Amino acid sequence: MRLGKYMRNLKAGMFSCHVLAVACLLLVAVEPVRAQVGEERKALAIGVNGGLAFNSVSFDPTIKQSMYSGPTLGVTLRMTSEKYFSTLCALQIELNYTLLGWKEDIMSSADEPLPDTYQRNLSYFQLPVLARLGWGREQKGVMGYLLAGPQIGCLLGESTKRSHEWTLTEEGVPDRPNGMYAQYDMPVEKKVDYGITAGVGIELNSRIGHFMLDGRYYYGLSDLYGNSKKDVFSRSNNGTVMIKFTYLFDVKK
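In this report, the structure presented in the accompanying data block is examined.

Conventions we followed
Residues numbered from 1 in each chain as written. Predicted model: local features only at pLDDT ≥ 70, side-chain atom pairs only at ≥ 80, totals over all residues. Heavy atoms only, no water. Patch = residues over 30% accessible without salt bridge, like charges linked within 9 Å, V, L, I, M, F, W, Y side chains within 5 Å. Areas by Shrake-Rupley, 256 points an atom, 1.4 Å probe, with all protein chains shown as cover. Salt bridge = Lys/Arg side-chain N within 4 Å of Asp/Glu carboxyl O. Helix = DSSP H or I, 4+ residues; strand = E, 2+ residues; numbered from the N terminus. Core = buried A, V, L, I, M, F, W, Y, C linked by side-chain atoms within 4.5 Å. Buried < 20%, exposed > 50% of the residue type's maximum accessible area, 1.4 Å probe, protein only. Phe/Tyr/Trp six-rings, centres within 6.5 Å; stacked < 30°, edge-to-face > 60°. Lys NZ or Arg CZ within 6 Å of the ring centre and 35° of its normal.

This part takes up a nonpolar patch on the surface. Nonpolar side chains collect at one region of the surface, where Val-48, Leu-73, Val-75, Leu-95, Tyr-97, Phe-125, Leu-127, Ile-152, Leu-156 and Val-192 lie side by side and expose about 840 Å² of accessible area between them. When contributions to the nonpolar patch are tallied by element, the ones reaching two or more residues are strand 3 (68-84), strand 4 (87-104), strand 5 (118-136) and strand 6 (141-162). Tracing the backbone through its elements, the reader meets Leu-156 in strand 6.

Turning to the nonpolar core, a few remarks are in order. Phe-59, Trp-102, Leu-224, Tyr-225 and Phe-233 are the most contacted members of the largest nonpolar core, which has 21 residues in total. Contributions of two or more residues to this core are made by strand 1 (39-60), strand 4 and strand 5. Ranked by size, the runner-up nonpolar core spans 6 residues in total, among them Ala-45, Leu-130, Leu-147 and Met-212.

Looking now at the packing of aromatic side chains. Note on aromatic pairs: each is described by the distance of the centres and the angle between the planes. This model, assessed by the stated rule, comprises 11 aromatic pairs. Ring geometry for Trp-102 versus Tyr-118: centroids 6.4 Å apart, planes at 45°, classification tilted. Taken together, the residues span a long stretch of sequence, with Trp-102 in strand 4 and Tyr-118 in strand 5 at a distance of 16 residues. Linked through ring pairs, Phe-59, Trp-102, Tyr-118, Trp-166, Tyr-184, Tyr-225 and Phe-233 together constitute an aromatic cluster. Over the ring of Tyr-145 we find Arg-132; its NZ or CZ atom is 4.1 Å from the centre of that ring. A cation sits over an aromatic face here: Arg-176 above Trp-166, 4.7 Å from the ring centre.

Another aspect to go through is the pattern of salt bridges. Across all of its chains, the model carries 10 salt bridges by this definition. Between Glu-94 and Arg-216 there is a salt bridge whose closest N-O contact spans 2.7 Å. Residue Glu-94 is located in strand 4, and its partner Arg-216 is located in strand 8 (residues 209-220); the two are separated by 122 residues in the primary sequence. For Arg-216, a relative accessible area of 5% corresponds to the buried category. Through salt bridges that share partners, Glu-94, Asp-214, Arg-216 and Lys-244 make up one connected network.

Cis rather than trans, the peptide bond between Asp-60 and Pro-61 has omega equal to 5°. Among the secondary structure elements, Pro-61 is positioned in the loop between strand 1 and strand 2 (65-66). Notably, Phe-85 is not glycine yet its phi reads approximately 55°, a positive angle. Mapped onto the fold, Phe-85 is located in the loop between strand 3 and strand 4. You will see that Asn-178, though not glycine, has its phi angle at about 60°, which is positive. As for its position among the elements, Asn-178 is in the loop between strand 6 and strand 7 (192-206).

Keep in mind that these numbers describe shape and distance, not what the molecule does.
Here is the structure:
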């Protein structure tokens, strides 16, 4: 029953991703739409971005974690298509390198803190395709904006870091709540990660370019591991909070 419900939720999430992707593409398809209500724009800006990603993995059965932090950096392309009343509509596409993973807050089977430490480092290329709605000064001044859209990532590599001290039971296995220690020796099975990103930000427009600061949340609709009844975990998806700074310069206004 739980597996069936999970698969239905996953299919619904994938459908949402497809809908968002189509919406993003339609947002910039201004050439075929001659009778649009808003003011047409054909602005193009490119630049770079960087920031921090704070990640955790939603395991079921649960594994207690503290927030994992890593860098994110990449390139950004923004195509502005229309100003509809006071709303500036654009499509923002990024290609980012991001370090994600999880960091365990290790307790014993008796629910007592242990000196053991463990973290898994996962390096990704990520491609978010984001619809962007902005309000404020278009050229010189401050603008606020919203971002939302699908994101897909590809796992480039992984590594682990654990303490030399490693508490074992009398049977010679790690002493963990619910006996959950299989993840330590399990490489990630699914290299493609996909989900939905949304966020808010503020932009300063000036003669030398566009300076943006935003906060985002990414919810993974895919899992790191298999989720069938015979698998260890029924869920193992990424959830990421990002703080990003972006600089863009105009190629075409």
